[in-house]
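Listed here are the chains, written in short residue letters.
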Amino acid sequence: MRAFLLLFLLFPVLELYVFFKVSTAIGFFPALLLIIAGSLFGVLVVRVAGLATAFKARESLNRGELPAQQMLEGLMLALGGGLLVLPGFISDAAGLLLLFPPVRRFLVNRLRKRAEEQAIRQRAFAEDFEAARPRAHQPLGREPNVIEGEFEHRDK
């Protein structure tokens, strides 16, 4: 959590530093135009990626397949477009990396592998929990747990 907070606070400072270095190398207005062009390109990518992902997912569903791969790749495209929309050269570089298909496939495969491992762990935990839970139907030959007690009716 602290690492995320540090990154959250450090990221804008790094973006400003890189913008300062780039603007001193090529000039302020060309650097500003590059950031604006990157943001416009990011908006275009998000729009196109959303539509393309929806169409690919619909085609997969029509074939009777689960569109997990297409959905995750669409998510990566949307994330790349979102990073392009953010002003700054570091976020633009990360967004452009996510637009390359090999990088996207690598990240999607890593995410799927992690999700499958987590699902296996959760399934194993659920099986352990199920085994420890008492069953409603007892096997033949065993009597259910009975608590004996006395009671009396008190009528007025």
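A short tour of the structure in this document, coming up. (Residues numbered from 1 in each chain as written. Predicted model: local features only at pLDDT ≥ 70, side-chain atom pairs only at ≥ 80, totals over all residues. Heavy atoms only, no water.)

Topic: the overall build of the chain
- Counting its secondary structure elements, the chain contains 5 helices and 0 strands.
- Helices and strands appear in the chain in the N-to-C order α-α-α-α-α.
- Split into buried and exposed, the 156 residues of the chain put 19% on the buried side.
- Expressed as a percentage of contacts within the chain between residues at least 6 apart in sequence, the contacts between residues at least 24 apart total 58%.
- With an accessible surface of roughly 13,200 Å², the chain has 67% of that area assigned to carbon and sulfur atoms. (Helix = DSSP H or I, 4+ residues; strand = E, 2+ residues; numbered from the N terminus. Buried < 20%, exposed > 50% of the residue type's maximum accessible area, 1.4 Å probe, protein only. Contact = heavy atoms within 4.5 Å. Areas by Shrake-Rupley, 256 points an atom, 1.4 Å probe, with all protein chains shown as cover.)

Considering a nonpolar patch on the surface
- Together, Phe28, Phe29, Leu32, Leu33, Ile36 and Leu40 give the surface a local cluster of nonpolar side chains, amounting to about 620 Å² of exposed area.
- Among the structural elements, Leu32 can be located in helix H2 (residues 28–62). (Patch = residues over 30% accessible without salt bridge, like charges linked within 9 Å, V, L, I, M, F, W, Y side chains within 5 Å. Salt bridge = Lys/Arg side-chain N within 4 Å of Asp/Glu carboxyl O.)

With respect to the packing of aromatic side chains
- Summed over the entire model, instances satisfying the criterion amount to 4 aromatic pairs.
- Pairing Phe19 with Phe28 gives two aromatic rings, centres 5.9 Å apart and planes at 85°, and the pair type is edge-to-face.
- Judged by relative accessible area, Phe28 falls into the partly exposed class, the value being 43%.
- Centroid distance Phe19 to Phe89: 6.3 Å. Interplanar angle 15°. Geometry classified as stacked. Of this pair, Phe19 sits in helix H1 (residues 2–26) while Phe89 sits in helix H4 (residues 89–99), and the two are 70 residues apart along the sequence. (Phe/Tyr/Trp six-rings, centres within 6.5 Å; stacked < 30°, edge-to-face > 60°.)

Regarding the packing of H1 against H4
- The N-to-C vectors of H1 and H4 enclose an angle of 100°; their axes lie 7 Å apart at closest approach. Judged by the inter-axis angle, H1 sits roughly perpendicular to H4. Contacts between H1 and H4 involve Phe11, Leu14, Glu15, Val18, Phe19 and Val22 from the former and Phe89, Ile90 and Ser91 from the latter. (Axes fitted to C-alpha atoms, helices over the stretch in contact; angles between N-to-C directions. Parallel < 35°, antiparallel > 145°, perpendicular 65-115°, else oblique.)

A word on the nonpolar core
- Judged by nonpolar contacts, Val45, Ala49, Leu77, Leu84 and Leu99 together constitute the single largest core of 5 residues.
- Of all elements in the fold, only H2 and helix H3 (68–85) reach the threshold of two or more residues within this core.
- Leaving out residues up to four positions away in the same chain, Leu84 has contacts with Gly38, Ser39, Phe41, Gly42, Val45, Ser91, Asp92, Gly95, Leu96 and Leu99. (Core = buried A, V, L, I, M, F, W, Y, C linked by side-chain atoms within 4.5 Å.)

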